[in-house]
Amino acid sequence: MALRITGWKEDICDDGKECNAGEVEVRDLARGLSGALFVSLPLLFTMEMWQIARTIPDWTSLCFAAVTFVLVRYYIGFAGFRKDDGFEHSPWWDTVVAFGIGAFASVITLFVAGIIMPELSTKLILKTVALETLPTSVGAAVAINQLGSGDKGATDKTGLSPDGVVLVGTVLGAFLFAFNIAPTIETKVITLQQNWWLIAATFVLSLAVTYMVVAVACFEQRDLSERKYITSEWLETLVSYLAAFAISVLLLWVFGYSTPFDPMEVWFPQAVVLGYATTLGGAAGRLVL
């Protein structure tokens, strides 16, 4: 069977609609990246993973990567990050793409967290990224199952307005997801390794990831005209981040790491770092709850 490459601007049929192939590809990659972060962000924020990368033998890492590659291929067979877009994909090629997505998610998160820095040896950086890429690639492979639309019939039972569903769904998702990270010391450790530029980069990345999950990945069809106040995707992103940030401040206070009454340079960086997780959980919560 001859290999055919679909042009970036070529029109294809996606879910019964004519779509630009490039737009569909961007959407699918955004879904994979969303799944990678949703499933594996707690591991990207785990000190044991950073330490194991320094000591694990090279051959063990390579063997584990080979096994994970095969597993990801079959994860994609059951629940890939692509939906039916009108043309065939090689599952092995999608496996390579999932690993690339996992590597990208790992690099950008570890960089803003100050875990991989230019002064580290190239070998150590590669080993750290390689180890973290294994769970993130699995997350990319199961993105549709993890972040597909939840039971919309349940939404009607809440009695909330469309705007209320956005806000409450964000709070519930953020609270649930943040519990994977908030009680641990990693948030404080990360902030001690960051400067203010990396803290600012974490804030921008949080907003970008939220927007990507909600607006670019298109896990569900939404009608913004049904809302009264939150009528744009950028406004939804901002409101969602503020709600998730408040959850971060609350959890850091509950677990004794910082309070709003501490100096700003103590509590604010920790809230921004934890906010990366809570805003991702909040965005995902609006999809799966």
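Since this is a predicted model, take the numbers as computed values, not measurements.

1. Let's talk about the pattern of salt bridges
- The full count for this structure, using the stated rule, is 5 salt bridges.
- Put simply, Arg27, Asp28 and Arg31 are held in one network by salt bridges that share partners.

2. A closer look at the nonpolar core
- The biggest cluster of nonpolar side chains holds 60 residues, and the ones touching the most others in it are Leu37, Leu41 and Phe45.
- Listed by contribution, the elements that provide at least two residues to this core are helix 1 (21-44), helix 3 (58-79), helix 4 (91-112), helix 5 (122-141), helix 8 (162-178), helix 10 (196-216), helix 11 (233-254) and helix 12 (264-288).
- Of all the elements, helix 12 adds the most residues to this core, at 11 residues.
- Among residues more than four places away in sequence, those in contact with Leu41 are Ala36, Thr109, Phe177, Ile181, Tyr276, Ala277 and Leu280.

3. Some words on helix 11
- Between its first and last C-alpha atoms helix 11 spans 31 Å; for 22 residues at 1.5 Å apiece the expected length is 32 Å, and the two agree.
- Along helix 11, the positions that sit buried rather than exposed are Glu236, Thr237, Ser240, Tyr241, Ala243, Ala244, Phe245, Ile247, Ser248, Val249, Leu251 and Leu252.

4. Focus: helix 8
- Given a rise of 1.5 Å per residue, 17 residues ought to cover 24 Å, and the 24 Å separating the end C-alpha atoms of helix 8 matches this to within 8%.
- Every buried residue of helix 8 is listed here: Asp163, Gly164, Val166, Gly169, Thr170, Gly173, Ala174, Phe177 and Ala178.

5. As for the packing of helix 1 against helix 4
- At a minimum axis distance of 9 Å, the contact between helix 1 and helix 4 shows a crossing angle of 55°. Accordingly, the angle class assigned to the pair helix 1 and helix 4 is oblique. When the axes of helix 1 and helix 4 are compared, the crossing they make is right-handed. When helix 1 is examined against helix 4, the residues Leu29, Gly32, Leu33, Ala36, Leu37, Leu41 and Leu44 are found in contact with a partner set consisting of Val97, Ile101, Phe104, Ala105, Ser106, Thr109 and Leu110.

About the thresholds
Residues numbered from 1 in each chain as written. Predicted model: local features only at pLDDT ≥ 70, side-chain atom pairs only at ≥ 80, totals over all residues. Heavy atoms only, no water. Salt bridge = Lys/Arg side-chain N within 4 Å of Asp/Glu carboxyl O. Core = buried A, V, L, I, M, F, W, Y, C linked by side-chain atoms within 4.5 Å. Buried < 20%, exposed > 50% of the residue type's maximum accessible area, 1.4 Å probe, protein only. Helix = DSSP H or I, 4+ residues; strand = E, 2+ residues; numbered from the N terminus. Contact = heavy atoms within 4.5 Å. Expected span 1.5 Å × (residues − 1). Axes fitted to C-alpha atoms, helices over the stretch in contact; angles between N-to-C directions. Parallel < 35°, antiparallel > 145°, perpendicular 65-115°, else oblique. Left-handed = near helix turned anticlockwise from the far one by under 90°.

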